[in-house]
Amino acid sequence: MAFKHKHLLGIQTLTSSEIMTVLDTAESFFEISTRAVKKVPTLRGKTIINLFFEPSTRTRSSFELAAKRLSADIVNFNQQTSSTVKGETFKDTILNLDAMNPDAIIIRHSCSGVPQFATTFCQTHIINAGDGAHEHPTQALLDAFTIRQEKKNFKDLKVLIVGDILHSRVARSNIFLLQKLEVRIVLVGPPSLLPLEFKKFGVDLDFNLDRAIEGADVVMMLRIQLERQERNYFPSIREYRNLYSLTEKRFRRAKKNAIIMHPGPINRGVEISADMADSAKSVILKQVENGIAVRMAVLYLLLGGKEREAID
Ligand code: CP
């Protein structure tokens, strides 16, 4: 099996061949969610903990459904009703959960590097469900799965990633992944949210969406992450919308068969008009649907193999 990791902490450490293994495995799991009985015994007897220190609609429920469809048992940790409110540290919380011998802990945290930190003292598999502005590997994998589903392959594609690049773990994971697949990436946003240092990733930068969107195959819009912004990065939402919102008029400049993506949650009327979010060109809900198959694949590849030799 071409996937020998103990943990999934990010895309940066995966090879293009491992990425394709996840996508191909997800392909084989996709059909299970369309059955009347959406369950296979693949991970029967395994126990998984969903440990989210940040809000989530898609990722948490998607991991839960993925685990359940593979017959694993999953426990959802609720921070508000946990002993963290009595002052228990993050490390003690994880040490105690790890002592219960789960087969995997899925972690989302507002601080970059927390899942990596957990691997230094946990016995179990750790999966990063989004850490600060660092990485969100399963989002990038489900995005790649959706792009391949729509475009058949990654050859000669021009992918735009638009918006709050600075604070976006989704952008970083997508940059790492699409680069490994040799896709042309153009990052677009206001200079305050698109630092020139992103050039080091070998991508194109453009501050003008009307120009950059010409000939795009995929337009991936990002949410303005006001909760991570400690100062004003643009004068007003109105100005941001005028320059960077995806409207029907703007989208006409992209290729005729271009698709619209967004990891969610959407700010309708800010980074994307409601019409565009709901249009036939939008694959936003397909991304959500595909997320389950991709997360089933990740759980299977990390927990399912009997005689795997882990390299990290
Ligand atoms: N895309 C994403 O991570 O959504 P949630 O925050 O709802 O999990």
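Residues numbered from 1 in each chain as written. Predicted model: local features only at pLDDT ≥ 70, side-chain atom pairs only at ≥ 80, totals over all residues. Heavy atoms only, no water.

## Side note on the site of the ligand
Taken together, Ser56, Thr57, Arg58, Thr59, Arg108, His136, Gln139, Pro263 and Gly264 make up all the residues around the ligand. Within the backbone of Thr57, one N or O atom sits 2.7 Å away from an oxygen atom of the ligand. Within the backbone of Arg58, a nitrogen or oxygen atom sits 2.9 Å from an oxygen atom of the ligand. Of all the cavities here, the one that holds the ligand is the largest pocket. Its residues placed into classes, the shell around the ligand shows one nonpolar, six polar and two charged. For the shell around the ligand, the domains that each give at least three residues are domain 1 (16-136 + 288-303) and domain 2 (137-285). (Near = heavy atom within 4 Å. Polar contact = N/O pair within 3.5 Å; in protein donor to acceptor, adjacent residues only side chain to side chain. 1 Å grid on protein atoms, 1.4 Å probe; cavity = no way out; pocket = protein on both sides within 12 Å on 5 of 7 lines; lining within 4 Å. Sits in = over half its atoms within 2 Å of the grid points. Nonpolar A, V, L, I, M, F, W, Y, C, P; charged D, E, K, R; others polar. Domains from an automatic or database assignment.)

## Here's the deal with the sheet that holds strand 7 (residues 204-206)
The strand order across the open sheet formed by five strands is 7-6-5-8-9, and the pairing between neighbours is parallel. Across the chains shown, the open sheet's two edge strands, defined by having one partner strand only, are strand 7 and strand 9 (259-261). Between one strand axis and the next, the sheet turns through 20 degrees on average, direction left out of account. Inspection of the sheet shows strand 6 (residues 184-188) paired to strand 7 by three bridges, in the parallel sense. Opposite Val186, over in strand 7, you have Asp204 as the bridge partner. Packed onto the sheet, helix 6 (residues 169-180) meets strand 5 (158-162), strand 6 and strand 8 (218-221) and runs at close to 160 degrees relative to strand 6. (Pairing = 2+ DSSP bridges. Helix = DSSP H or I, 4+ residues; strand = E, 2+ residues; numbered from the N terminus. Axes fitted to C-alpha atoms, helices over the stretch in contact; angles between N-to-C directions. Contact = heavy atoms within 4.5 Å.)

## Examining the pairing of strand 2 (residues 73-78)
Relative to strand 2, strand 1 (residues 47-52) is paired through six bridges, and the arrangement is parallel. Residue pairing for strand 2: Thr47 is matched across the bridge by Asp73. Handedness of the strand 1-helix 2 (residues 58-69)-strand 2 crossover: right-handed. (Right-handed = clockwise from strand over helix to strand, strands pointing away.)

## Let's talk about the pairing of strand 8
Going residue by residue along strand 8, you find Val218 and Met220 tucked away on one face and Val219 and Met221 tucked away on the opposite face as well. As paired strands, strand 5 and strand 8 are joined by four bridges and run parallel to one another. Bridge pairing in strand 8 links Val162 to Met221. Two elements, strand 8 and strand 9, share three bridges in a ladder whose sense is parallel. Across the sheet, the residue bridging to Met220 is Met261, located in strand 9. (Buried < 20%, exposed > 50% of the residue type's maximum accessible area, 1.4 Å probe, protein only.)

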